[in-house]
Amino acid sequence: MIRYICDLCRREIDSTREVCYHVEIQISAAFEPVTEDEPDDRDHLEEIHDLLESLNQLGDEAYESAHETLRFDLCPQCRRRFLSNPLGRDAGKLLGFSKN
Ligand SMILES: [Zn+2]
């Protein structure tokens, strides 16, 4: 039997009594850095090379944030808490987290 651990409160989810919820958060760039128009006869490999170089120049952070998927397992209680504040705004003021 697969054991599920809630990624938020770290307790084991009893799959015989409760539902385990999968949360997937996909982060993707709304737009990519715009490069100036190049002539059509450019070598595509060279273009890719240049693109990679320019991404390197932007730094790892810019490249990594282009697309990312985060996956979590949540117990029913933490699912509710997550849905009420998915972006963790005002995390310090959240009710409920200290009651565990
Ligand atoms: Zn939980």
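Residues numbered from 1 in each chain as written. Predicted model: local features only at pLDDT ≥ 70, side-chain atom pairs only at ≥ 80, totals over all residues. Heavy atoms only, no water.

Colleague: What should I look at first to understand the overall build of the protein chain in this one?
Modeller: Counting its secondary structure elements, the protein chain contains three helices and four strands. The order of helices and strands in the protein chain, counted from the N terminus, is β-β-β-α-α-β-α. Across the 100 residues of the protein chain, 15% fall into the buried class. The contacts of the protein chain with a sequence gap of at least 6 include a subset with a gap of at least 24, amounting to 73%. With an accessible surface of roughly 8800 Å², the protein chain has 52% of that area assigned to carbon and sulfur atoms. (Helix = DSSP H or I, 4+ residues; strand = E, 2+ residues; numbered from the N terminus. Buried < 20%, exposed > 50% of the residue type's maximum accessible area, 1.4 Å probe, protein only. Contact = heavy atoms within 4.5 Å. Areas by Shrake-Rupley, 256 points an atom, 1.4 Å probe, with all protein chains shown as cover.)

Colleague: Teacher, can you tell me more about the pattern of salt bridges here?
Modeller: Two side chains carrying opposite charge are able to pair once their charged atoms lie near each other. Evaluated as defined, the whole model comprises five salt bridges. Two residues, Arg3 and Glu12, come together in a salt bridge whose shortest N-O distance is 2.9 Å. What makes Arg3 exposed here is its relative accessible area of 56%. As a salt-bridge pair, Arg11 and Glu18 come within 3.0 Å of each other at their nearest N and O atoms. Using a relative accessible area of 30% as the deciding quantity, one classes Arg11 as partly exposed. We classify Glu18 as buried; its relative accessible area is 17%. (Salt bridge = Lys/Arg side-chain N within 4 Å of Asp/Glu carboxyl O.)

Colleague: Would you take a moment to explain the coordination of the zinc ion for this structure?
Modeller: Reference geometry at the metal: tetrahedral coordination by four donors gives ideal angles of 109.5 degrees; octahedral coordination by six donors gives 90 or 180 degrees. Donor atoms from the polypeptide that bind the zinc ion are Cys6 (SG), Cys9 (SG), Cys75 (SG) and Cys78 (SG), placed at 2.2 to 2.3 Å. For the zinc ion, the four donor atoms in the first shell make angles of 103 to 118° at the metal, so the coordination geometry reads as tetrahedral. Between consecutive donors of the zinc ion, the numbers of intervening residues give the motif C-x2-C-x65-C-x2-C. Pair noted here: Cys9 is in the loop between strand E1 (4–5) and strand E2 (12–13) and Cys78 is in helix H3 (residues 76–84), with a separation of 69 residues, a long-range link. Overall, the relative accessible area of 25% leaves Cys9 in the partly exposed class. (Donors = N, O, S within 2.8 Å, 3.2 Å for Na, K, Ca; no water. Tetrahedral: all angles 85-135°; square planar, octahedral: opposite > 155°, others 65-115°.)

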